[in-house]
Amino acid sequence: MSVSAPRNLQILTVVTAGLMLIALGLVFLYAPQEATMGEVQRIFYFHVPSAWVGGLAFFVTLLAGIAYLRTGDDKWDRVGYSSVEIGVTFALMTLFSGMLWGRPAWNTWWTWDPRLTTFTILLLVYFAYLMLRQGIEDPGRRARFAAVYGIVGFVSVPITYFAIQLARSIHPVLFGPNNPDAQGSGGPLTPAMLQTFFFSLFSFTVLYFTLLWHRLRLANFAERVEQLKAKMMSA
Amino acid sequence: MADQPWKQVEPTTAARPGTSRFAAYLKAIFAIVRKDVAAEARSKELVSAMLIFSLLVVLIFNFALELDRAARENVAAGVLWVTFIFAGTLGLNRTFAAEMDRGSFDGLLLAPIDRTAIYFGKMIGAALFMLLVEAIVMPVFSVLYGILLFKPMLLVVVLLGTAGYAGVGTLLASMAVHTRARDVMLPILLFPVTIPVVIAAVKASTGILLAAEWGDVAPWFNLLLVYDTIFIAVAFMVFDYLVEE
């Protein structure tokens, strides 16, 4: 196992950095200022992609959990665990960028809106996932329990969302059926805004896979260290 | 036969002439429930702890919220469910912890039955203890808060909510018991996952207590049914992996 990153990963990392820089440039230089919200609307270009990456990461954990239980291959456990760490980071970013936006738009840092509440519950599920892993010594058991919790936790999210959605939401919906109760959404997005948004969404998705790859290498190294340690002890 | 000694344990799980596989499965579940109930009937440590804890919570809420008559009617369902859920967590924590401490869970796993029968047995046992506590707390609550809780639909909601909570709780308790800080771990794992049950149960109970139209209560009631079905099915599918040694 070579210590320096494989060539493809090095290239991918550089490409990701470039994409993120371009996205940043688009957000601040290319996208027009939004009429009703002003500059604060620019948070949207990072807020929504972060939320998407969070959801994607937890979905990958669900798939990895199922794959682990079916195959028993440790690789899938490392994928699930790595993905949760990235997902939690991006979900926290979503939460805080949302709060920064909510303060001027809704005049409050926090409101018990369905979307906000379900998102926070999602975050708590994965905090619990990380705590569960920390509390178990035996690697095989840890992997099995984490896989099960990754599945149960992800299944609970749509149900929680449905449960709270029976009430009304003030969170803006830009794609899909419009939300008549939404507060703080401006008019429809202009082409320049849409281009910026989709570029940002794309860049964040690439960023997720780059991070996942790096994180997986780290997990593989950690695994190797464990094995070497065990070897030393027994020798 | 001699070269296949394991064949001998089969009759308890499967086909004894005249009994179907399903009947044997039900018998295994019932045996585990009976064992848990018998153990509890002798020690009485679980239900009495849950009961005293519940009564304390009900009393503390009364002081904490300074409830007047109008406020009481609005928050009654919430207070009731929070009480049930806290008490339920106490009980769920113990059902596996006691087995582990006495080393009897390994014995249970050695039994020649389908592993999921252990799950259902444990789940029904946990639900029974919760229901027993609820059956005592609800009349007390009725008297202290001056609200009549004996409405048939409310009892159905309590039954469904308890089933869902015990269903997911049993699954997660079997995990939490293997962790380092096992008593703290269960609520952390369980509460975010059971939030839909709590919301649906509280909303449905409030609707029933305030005599709302059935059309307003029905979505919450259906949500309880959906939650119970999905999560008990998921638990049924994954339980094997949790007890695999």
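Small disclaimer: the values here were computed from a predicted structure and weren't measured.

This next bit is on the overall build of chain A. Across its full length, chain A carries six helices and zero strands. The helix and strand sequence of chain A, counted from the amino end, reads α-α-α-α-α-α. Taken over the C-alpha atoms alone, chain A extends approximately 70 × 40 × 25 Å along its principal axes. For chain A, the proportion of its 235 residues judged to be buried stands at 46%. Only carbon and sulfur atoms are counted for the fraction: they give 68% of the accessible area of chain A, which is about 12100 Å². The averaged location of the 12 negative side-chain charges in chain A is 5 Å from the averaged location of its 17 positive side-chain charges.

With that settled, consider helix 3 (residues 74-106) of chain A. Residue and element names in this part refer to chain A. With 33 residues, helix 3 should cover 48 Å at 1.5 Å per step; its first-to-last C-alpha distance of 46 Å lies within 8% of that length. Near the N-terminus of helix 3, the side chain that reaches the backbone nitrogen of Lys75, with its oxygen 3.0 Å away, is that of Asp73. Downstream of helix 3 by a residue or two, Asn107 has a phi angle that is positive, lying close to 65°.

The next thing to look at is the confidence of the model for chain A. When pLDDT is averaged across chain A, the result is 87; 90% of the residues are at 70 or more. When the elements of chain A are averaged for pLDDT, helix 5 (residues 139-165) of chain A gives the smallest value, 88, and helix 2 (residues 44-71) of chain A the largest, 93.

The next subject is a nonpolar patch on the surface. Residues and elements named next belong to chain B. Side chains of Leu55, Leu59, Leu132, Ile136, Val140 and Leu144 sit close together on the surface and give an oily, nonpolar patch of about 440 Å² of accessible area. Elements with a minimum of two residues in the nonpolar patch: helix 3 (45-65) and helix 6 (115-145). Ranked by residues supplied to the nonpolar patch, first place goes to helix 6 with four residues. Tracing the sequence through the fold places Leu144 in helix 6. The exposure class assigned to Leu144 is partly exposed, which follows from its relative accessible area of 47%.

With 27 residues of chain A at the interface, the matching set in chain B holds 28 residues. When chain A packs against chain B, the two sides together hide about 2600 Å² of surface, and 78% of this comes from carbon and sulfur. Three residues, A:Arg144, A:Phe145 and A:Ile159, lead the burial of chain A against chain B; their summed loss comes to 21% of the area buried on that side. The interface formed by chain A and chain B holds one salt bridge in total. The salt bridge involving B:Arg180 is made with A:Glu137; its shortest N-O contact spans 3.1 Å. Counting the contacts that link chain A with chain B gives six residue pairs in polar contact (both at pLDDT 80 or more).

Attention now moves to the pattern of salt bridges. Side chains bearing opposite charge may pair, as long as their charged atoms lie close to each other. Residues and elements named next belong to chain A. Scanning all chains against the criterion turns up eleven salt bridges over all chains. Arg78 serves as the salt-bridge partner of Glu223, at 3.8 Å between the closest nitrogen and oxygen. Taken as a pair, Glu223 in helix 6 (residues 191-234) and Arg78 in helix 3 lie far apart in primary sequence, 145 residues in all. By relative accessible area, which is 30% here, Glu223 ends up partly exposed. Arg78 gets classed as buried once you look at its relative accessible area, which sits at 19%.

Turning our eyes to something else, we now look at the nonpolar core. Counting residues in each nonpolar core, the largest one holds 110 residues, and the members touching the most others are A:Tyr126, A:Tyr149 and B:Leu171. Contact partners of B:Leu171, with chain neighbours within four places excluded, come to A:Val148, A:Val152, B:Tyr119, B:Ala235, B:Val238, B:Phe239 and B:Leu242. Core analysis: the next-biggest nonpolar cluster, separate from the first, contains twelve residues, A:Val53, A:Leu56, A:Phe204 and A:Tyr208 among them.

This part covers the confidence of the model for chain B. Residue and element names in this part refer to chain B. Across chain B, the average pLDDT comes to 85, with 91% of residues at or above 70. Ranking the helices and strands of chain B by mean pLDDT puts helix 7 (residues 152-176) first, with 93, and helix 1 (residues 10-13) last, with 48. This stretch, residues 1-11, has a pLDDT under 50; its non-local contacts, to residues over four places away or in other chains, come to three contacts. Model confidence for the complex is summarised by a pTM of 0.86, with the ipTM given as 0.83.

On to the packing of aromatic side chains, then. Tallying each qualifying case throughout the model produces 20 aromatic pairs over all chains. Taking the centre distance of 3.7 Å and the plane angle of 0° together, the rings of A:Phe58 and A:Tyr126 count as stacked. With A:Phe58 in helix 2 and A:Tyr126 in helix 4 (residues 114-134), the pair connects residues that are 68 residues apart, well separated along the chain. Each member of the pair A:Phe58 and A:Tyr126 is classed as buried. Over the ring of B:Phe96 we find B:Lys122, and its NZ or CZ is 5.5 Å from the ring centre.

Orientation of helix 5 of chain A relative to helix 8 (residues 182-209) of chain B, taken along the N-to-C sense of each, is 30°, at an axis distance of 9 Å. By the angle between their directions, the pair helix 5 of chain A and helix 8 of chain B is classed as roughly parallel. Of the two elements, helix 5 of chain A crosses helix 8 of chain B, and the hand of that crossing is left-handed. Listed contacts from helix 8 of chain B to A:Tyr149, A:Val152, A:Gly153, A:Ser156, A:Ile159, A:Thr160, A:Ala163 and A:Ile164 of helix 5 of chain A are B:Ile188, B:Leu189, B:Pro192, B:Val193, B:Ile195, B:Pro196 and B:Ile199.

Attention now moves to the environment of B:Ala127. Residues and elements named next belong to chain B. Mapping Ala127 onto the fold places it in helix 6. Given a relative accessible area of 11%, Ala127 falls into the buried group. Once the C-alpha coordinates of Ala127 and Gly88 are considered, the two residues, 39 residues apart in sequence, prove to be 8.4 Å apart. In contact with Ala127, other than residues within four places in its own chain, are Thr162 and Ala166.

When the terminal C-alpha atoms of helix 4 of chain A are compared, their 30 Å separation across 21 residues agrees well with the 30 Å that a helix rising 1.5 Å per residue should span. Regarding helix 4 of chain A, its N-cap is A:Asp113, as a side-chain oxygen of that residue lies 3.0 Å from the backbone nitrogen of A:Arg115 further along.

Let us look at the environment of B:Pro139. Residue and element names in this part refer to chain B. For Pro139, the position within the fold is in helix 6. On the accessibility criterion, Pro139 (28% relative accessible area) is partly exposed. Distance from Pro139 to Thr89, taken between C-alpha atoms, is 21 Å for residues 50 residues apart in sequence. Other than its neighbours up to four places away in sequence, Pro139 contacts Glu134 and Phe150.

Criteria and cut-off values
- Sequence order sets the numbering: in each chain, residues are counted from 1 along the sequence as written.
- Chain letters and ligand numbers both follow the written order, the letters beginning at A and the numbers at 1.
- In keeping with the model being predicted, local features are shown solely for residues with a pLDDT of at least 70 and side-chain atom pairs are shown and tallied solely at 80 or more, while totals for entire chains, interfaces and linings include all residues.
- Computation of side-chain values: all heavy atoms of the structure, hydrogens and water removed.
- For the purposes of this entry, the term helix denotes a DSSP run of H or I that reaches at least four residues, the term strand denotes a run of E that reaches at least two, and both are numbered from the N terminus.
- Note on exposure labels: buried denotes an accessible area under 20% of the residue type's maximum, exposed denotes more than 50%, and partly exposed covers the range between, all computed with a 1.4 Å probe on protein chains only.
- Method for areas: the Shrake-Rupley scheme with a 1.4 Å probe, in which residue coverage is limited to the protein chains shown.
- Positive charges come from Lys and Arg alone, negative charges from Asp and Glu alone, with His and the N- and C-terminal ends not counted.
- Every charge is mapped to an atom, namely NZ of Lys, CZ of Arg, CG of Asp or CD of Glu.
- Given the number of residues in a helix, its expected span is that number minus one, multiplied by 1.5 Å.
- Counted as a polar contact is a pair of N or O atoms within 3.5 Å, where, for protein atoms, one must be capable of donating a hydrogen and the other of accepting one, and residues adjacent in sequence contribute only when both atoms are in side chains.
- Every residue is assigned a pLDDT by the predictor, reflecting its confidence on a scale from 0 to 100.
- In this analysis, a patch consists of residues with relative accessible area above 30% that form no salt bridge, clustered at 9 Å for like charges and at 5 Å for the nonpolar side chains Val, Leu, Ile, Met, Phe, Trp and Tyr.
- Any Lys or Arg side-chain nitrogen located within 4 Å of an Asp or Glu carboxyl oxygen qualifies as a salt bridge.
- For this analysis, residues touch if any pair of their heavy atoms sits within 4.5 Å.
- Two parts lose some accessible area (1.4 Å probe) when they are put together, and adding that loss for both gives the buried area.
- Only buried residues count toward a nonpolar core, which is a set of Ala, Val, Leu, Ile, Met, Phe, Trp, Tyr and Cys residues joined through side-chain atoms within 4.5 Å.
- Note on aromatic contacts: the rings of Phe and Tyr and the six-membered ring of Trp form a pair at centre separations within 6.5 Å, being stacked when their planes are under 30 degrees apart, edge-to-face when over 60 apart, and tilted otherwise.
- In this scheme, Lys NZ or Arg CZ marks a charge over a ring once it lies within 6 Å of the ring centre and within 35 degrees of the ring normal.
- Here an axis means a line fitted to C-alpha atoms, over the contact stretch when the element is a helix, while the angle between two N-to-C directions is reported on a 0 to 180 degree scale.
- Each angle is binned into one of four classes, with values under 35 degrees roughly parallel, values over 145 roughly antiparallel, values of 65 to 115 roughly perpendicular, and all other values oblique.
- Crossing handedness: left-handed means the near helix sits turned counterclockwise from the far one by under a right angle, and right-handed means the same turn made clockwise.

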